[in-house]
Amino acid sequence: MIYKIRIILDAEEDIFRDIEIEDQSNLEDFHNAITQAFGFEGSEMASFYTCDEEWNQDEEIALFDMSESGSDIRLMNETTLADVMNEKNPKLIYVYDFFSMWTFFVELADIVEKEDGRIYPNVLFTFGELPDAPPEKQFEAEPNDDEGDYDDLLDSYDDMDFDENWN
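Attention in this report is confined to the structure presented alongside it. Everything numeric here is computed off the predicted structure, so don't read it as measured data.

Describing helix H1 (residues 27-38)
Here H1 contains twelve residues, and its C-alpha end-to-end distance of 16 Å stays within 8% of the 16 Å for a straight helix at 1.5 Å per residue. If you check which residues of H1 are buried, you get Leu27, Phe30, His31, Ala33, Ile34, Thr35, Ala37 and Phe38. The backbone nitrogen of Glu28 lies 3.0 Å from a side-chain oxygen of the residue at the head of H1, namely Asn26. Where H1 ends, the next residue or the one after it, Gly39, has phi of about 85 degrees, a positive value.

Section: the pattern of salt bridges
Tallied over the full model, the rule gives six salt bridges. Across the pair Arg118 and Glu20 runs a salt bridge whose closest N-O atoms are separated by 2.4 Å. With Arg118 in the loop between strand E7 (102-112) and strand E8 (122-127) and Glu20 in strand E2 (residues 16-22), the pair connects residues that are 98 residues apart, well separated along the chain. On the basis of relative accessible area, Glu20 is assigned to the buried category, the value being 2%. Notably, a salt bridge pairs Lys114 with Glu22, separated by 3.3 Å at the nearest N-O pair. Taken as a pair, Lys114 in the loop between E7 and E8 and Glu22 in strand E2 lie far apart in primary sequence, 92 residues in all. On the basis of relative accessible area, Glu22 is assigned to the partly exposed category, the value being 27%. Through salt bridges with shared partners, one network takes in Glu20, Glu115 and Arg118.

With respect to the pairing of E7
Two elements, strand E1 (residues 2-9) and E7, share eight bridges in a ladder whose sense is antiparallel. Bridge pairing in E7 links Arg6 to Glu107. In textbook terms, the turn of a hairpin is the stretch between consecutive antiparallel strands, and for strand E6 (residues 91-96) and E7 this stretch comprises five residues, one of which, Asp97, has a positive phi near 65 degrees.

Quick word on the sheet that holds E1
Here we have eight strands laid out as an open sheet, ordered E5-E4-E3-E6-E7-E1-E2-E8, and mixed in their pairing. The open sheet terminates on both sides in strands that have one partner only, identified here as strand E5 (74-75) and E8. Two elements, strand E3 (residues 46-51) and strand E4 (residues 57-62), share four bridges in a ladder whose sense is antiparallel. Within E4, the position partnered with Ser47 by the bridge is Ala62. Docked against the sheet, H1 engages E1, E2, E3, E4, E6, E7 and E8, running at close to 145 degrees with respect to E2.

What counts, and at which threshold
Residues numbered from 1 in each chain as written. Predicted model: local features only at pLDDT ≥ 70, side-chain atom pairs only at ≥ 80, totals over all residues. Heavy atoms only, no water. Helix = DSSP H or I, 4+ residues; strand = E, 2+ residues; numbered from the N terminus. Expected span 1.5 Å × (residues − 1). Buried < 20%, exposed > 50% of the residue type's maximum accessible area, 1.4 Å probe, protein only. Polar contact = N/O pair within 3.5 Å; in protein donor to acceptor, adjacent residues only side chain to side chain. Salt bridge = Lys/Arg side-chain N within 4 Å of Asp/Glu carboxyl O. Pairing = 2+ DSSP bridges. Contact = heavy atoms within 4.5 Å. Axes fitted to C-alpha atoms, helices over the stretch in contact; angles between N-to-C directions.

Have a look at this one:
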């Protein structure tokens, strides 16, 4: 089967690409299709993340295992699109270049039969130009009812009687 997928840059203006790709393609192939469609060199680290309907990030699927002791991290070249994306779970988050944090919302739009003679992956539609730099991220915490407690905690440090020359 062929997945028709929309990849949307997390930005205020609309910038997206529609790609069709075989459902049995691995996520590394999909990563390469995304980087080419948006004009990236493809030389930076990247990860996909499973998520829920509200785009809350869950499990990481990395391009490479960067851990020192072969961890249980899922890898793109070992994970197919069909493993992580389907009609019940149509969304993923894609992050390219962890220093710049290009973040994309990936959503399954349709599943169709493979067309004879067509080469996949295939960019179906391009909208908007990628900016020179990634959009600024706003990292905000959820409101907390216990905000005042932290001020009290900091005030209590005066009572701890640390030796002034503790170094």
